[in-house]
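The chain contents come next:
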Amino acid sequence: MTRALILGGTADASLLAAAIARAGIEAIYSYGGRTRAPADQPLPTRIGGFGGVSGLADTIRSEGITHVIDATHPFAAEMSRNAVEACAETDTPLIALERAPWTGMSGDNWIEVADVNAAVAALPEAPANVFLAIGRQHIAPFASKPQHTYTLRFVDPPEAPLPFAAEMIVSRGPFNLDGELEMMRTRGIAWIVARNSGGDGARAKIDAARLLGLPVVMISRPELPERRRVESVNEVMQWLSHSTRLGA
């Protein structure tokens, strides 16, 4: 009998959970625990880490998991690496549901960098209004350039003090183009720092930057181990069905 584990936390993961529930497939949805008020799912849900590779492998065994779907954020590199190792250790089929990265279009002014530290270095020395669209766990290095006025946007208010003074927006996406244009104009945003998350839910800020002619410091995705990867819920459902028919 199929019993899937969804490593979730994204909009795509929620769509997958709904499809799996409709199909009557037994599954568990796992949140990493960063969001304090996670959205309800139509499946049994767990919240929190597994305790590394060994903890995830133990969960796969104890819960009778037959298939693992990594539908985490494209930048959740540690969880994705742990999933590859734990599934190899337990001989469990693994697939990644991962949206395609954004690609530059005519009119984009991207400065592509490898990581957050390189993003800090790419910002100008002259003071500027900067929108950091990268998540609160990645903002600390920007304290080394305190001359800028930073705007941050989080799903939840931060529990700990920020490492520098900043304007904060607490809001849950998806965000639309008109709203992003208004936010950037009213706050005088001159630079944007973003991670190449891909997908439609977070793209509006990139489209707004193009229309306003703003530079975007675009952080590339981390390198991950080789694994089976698809870009749609339908492809995951086909994989589950195919694996079940083969007795995997």
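Residues numbered from 1 in each chain as written. Predicted model: local features only at pLDDT ≥ 70, side-chain atom pairs only at ≥ 80, totals over all residues. Heavy atoms only, no water.

### Here we look at the overall build of the chain
Move 1: Each helix and strand in the chain was counted, giving 7 helices and 12 strands.
Move 2: By the compact-globule yardstick of 18 Å for 248 residues, the chain fits well, its C-alpha radius of gyration being 19 Å.
Move 3: Principal-axis analysis of the C-alpha atoms places the extent of the chain at approximately 60 × 35 × 30 Å.
Move 4: In the chain, which comprises 248 residues, the share counted as buried stands at 46%.
Move 5: Across the chain, every contact between residues at least 6 apart in sequence was considered, and the portion connecting residues at least 24 apart equals 66%.
Move 6: Counting every atom, the chain has about 12,000 Å² of accessible surface; 51% of that belongs to carbon and sulfur.
Move 7: When the 23 positive and 27 negative side-chain charges of the chain are each reduced to one mean point, those points stand 2 Å apart. (Helix = DSSP H or I, 4+ residues; strand = E, 2+ residues; numbered from the N terminus. Rg over C-alpha atoms; globule rule 2.2 N^0.38 Å. Buried < 20%, exposed > 50% of the residue type's maximum accessible area, 1.4 Å probe, protein only. Contact = heavy atoms within 4.5 Å. Areas by Shrake-Rupley, 256 points an atom, 1.4 Å probe, with all protein chains shown as cover. Lys, Arg positive; Asp, Glu negative; His and termini not counted. Charge placed at Lys NZ, Arg CZ, Asp CG, Glu CD.)

### Concerning the pairing of strand 5 (residues 94–97)
Move 1: Of the two faces of strand 5, the one carrying Leu 94 and Ala 96 and the one carrying Ile 95 and Leu 97 are both buried.
Move 2: Bridge analysis of strand 4 (residues 67–70) against strand 5 gives 3 bridges, and the strand direction is parallel. Its bridge partner lying in strand 5, Ile 69 is registered against Ile 95.
Move 3: Between the parallel pair strand 4 and strand 5, the chain is carried across by helix 3 (residues 77–90), and the sense of this crossover is right-handed.
Move 4: Where strand 5 lies against strand 12 (residues 229–230), 2 bridges are found, and the strand directions are parallel. By the bridge assignment for strand 12, Ala 96 is matched with Arg 229. (Pairing = 2+ DSSP bridges. Right-handed = clockwise from strand over helix to strand, strands pointing away.)

### Describing the nonpolar core
Move 1: Judged by nonpolar contacts, the single largest core of 21 residues is most densely connected at Ile 6, Leu 16, Ile 20, Ile 69, Leu 97 and Val 236.
Move 2: Broken down by secondary-structure element, the contributors of at least two residues to this core are strand 1 (3–7), helix 1 (11–23), strand 2 (26–31), strand 5 and helix 7 (233–246).
Move 3: Leaving out residues up to four positions away in the same chain, Leu 97 has contacts with Asp 12, Leu 16, Ile 69, Asp 70, Ala 71, Val 230, Glu 231, Ser 232, Val 233 and Val 236.
Move 4: Counting 20 residues, the second largest nonpolar core, distinct from the first, contains Ala 119, Tyr 150, Leu 152 and Val 193. (Core = buried A, V, L, I, M, F, W, Y, C linked by side-chain atoms within 4.5 Å.)

### Digging into the sheet that holds strand 1
Move 1: Sheet architecture is open: 6 strands sit in the order 3-2-1-4-5-12, paired in parallel fashion. At either end of the open sheet lies a strand with only one pairing partner, and these are strand 3 (45–47) and strand 12.
Move 2: Together, strand 1, strand 4 and strand 5 form the strand contacts of helix 3, whose direction differs from that of strand 5 by roughly 160°. (Axes fitted to C-alpha atoms, helices over the stretch in contact; angles between N-to-C directions.)

### Some remarks on the packing of helix 5 (residues 177–186) against helix 6 (residues 204–212)
Move 1: Put simply, helix 5 and helix 6 touch, their axes get as near as 8 Å, and they point 60° apart. For the element pair helix 5 / helix 6, the angle class is oblique. In this structure, the crossing between helix 5 and helix 6 has a hand that is right-handed. Contacts from Leu 177, Glu 180, Leu 181, Met 184 and Arg 185 in helix 5 reach Ala 204, Lys 205, Asp 207, Ala 208, Ala 209, Leu 211 and Leu 212 in helix 6. (Parallel < 35°, antiparallel > 145°, perpendicular 65-115°, else oblique. Left-handed = near helix turned anticlockwise from the far one by under 90°.)

### Focus on the sheet that holds strand 8 (residues 149–154)
Move 1: Spatially, the 6 strands line up as an open sheet ordered 6-11-10-7-8-9, and their pairing is parallel. One side of each edge strand has no neighbouring strand; the edge strands of this open sheet are strand 6 (109–113) and strand 9 (166–170). This sheet shows a mean twist of 20° between the axes of neighbouring strands, independent of strand direction.
Move 2: The pairing of strand 7 (residues 129–133) with strand 10 (residues 191–195) spans 4 bridges and is parallel. The partner of Phe 131 across the bridge, within strand 10, is Ile 192.
Move 3: Strand contacts of helix 6: strand 6, strand 7, strand 10 and strand 11 (215–219), with the helix running at about 150° to strand 10, the strand carrying the most contacts.

### Examining empty space enclosed by the protein
Move 1: As enumerated under the stated definition, the model contains 2 cavities of 30 Å³ or more in all.
Move 2: Of the volumes computed, that of the largest cavity is approximately 40 Å³.
Move 3: If you trace the largest cavity, you find it lined by Asp 70, Thr 72, His 73, Pro 74, Ser 80, Ala 96, Leu 97, Glu 98 and Arg 227.
Move 4: Approximately 30 Å³ is the volume found for the second largest cavity.
Move 5: Taken together, Thr 10, Asp 12, Ala 71, Thr 72, Pro 74, Leu 97, Glu 98 and Arg 99 make up the lining of the second largest cavity.
Move 6: Within the lining of the second largest cavity, the residues separate by chemical class into 3 nonpolar, 2 polar and 3 charged. (1 Å grid on protein atoms, 1.4 Å probe; cavity = no way out; pocket = protein on both sides within 12 Å on 5 of 7 lines; lining within 4 Å. Points joined across faces, edges and corners; volume = space filled by probe spheres on them. Nonpolar A, V, L, I, M, F, W, Y, C, P; charged D, E, K, R; others polar.)

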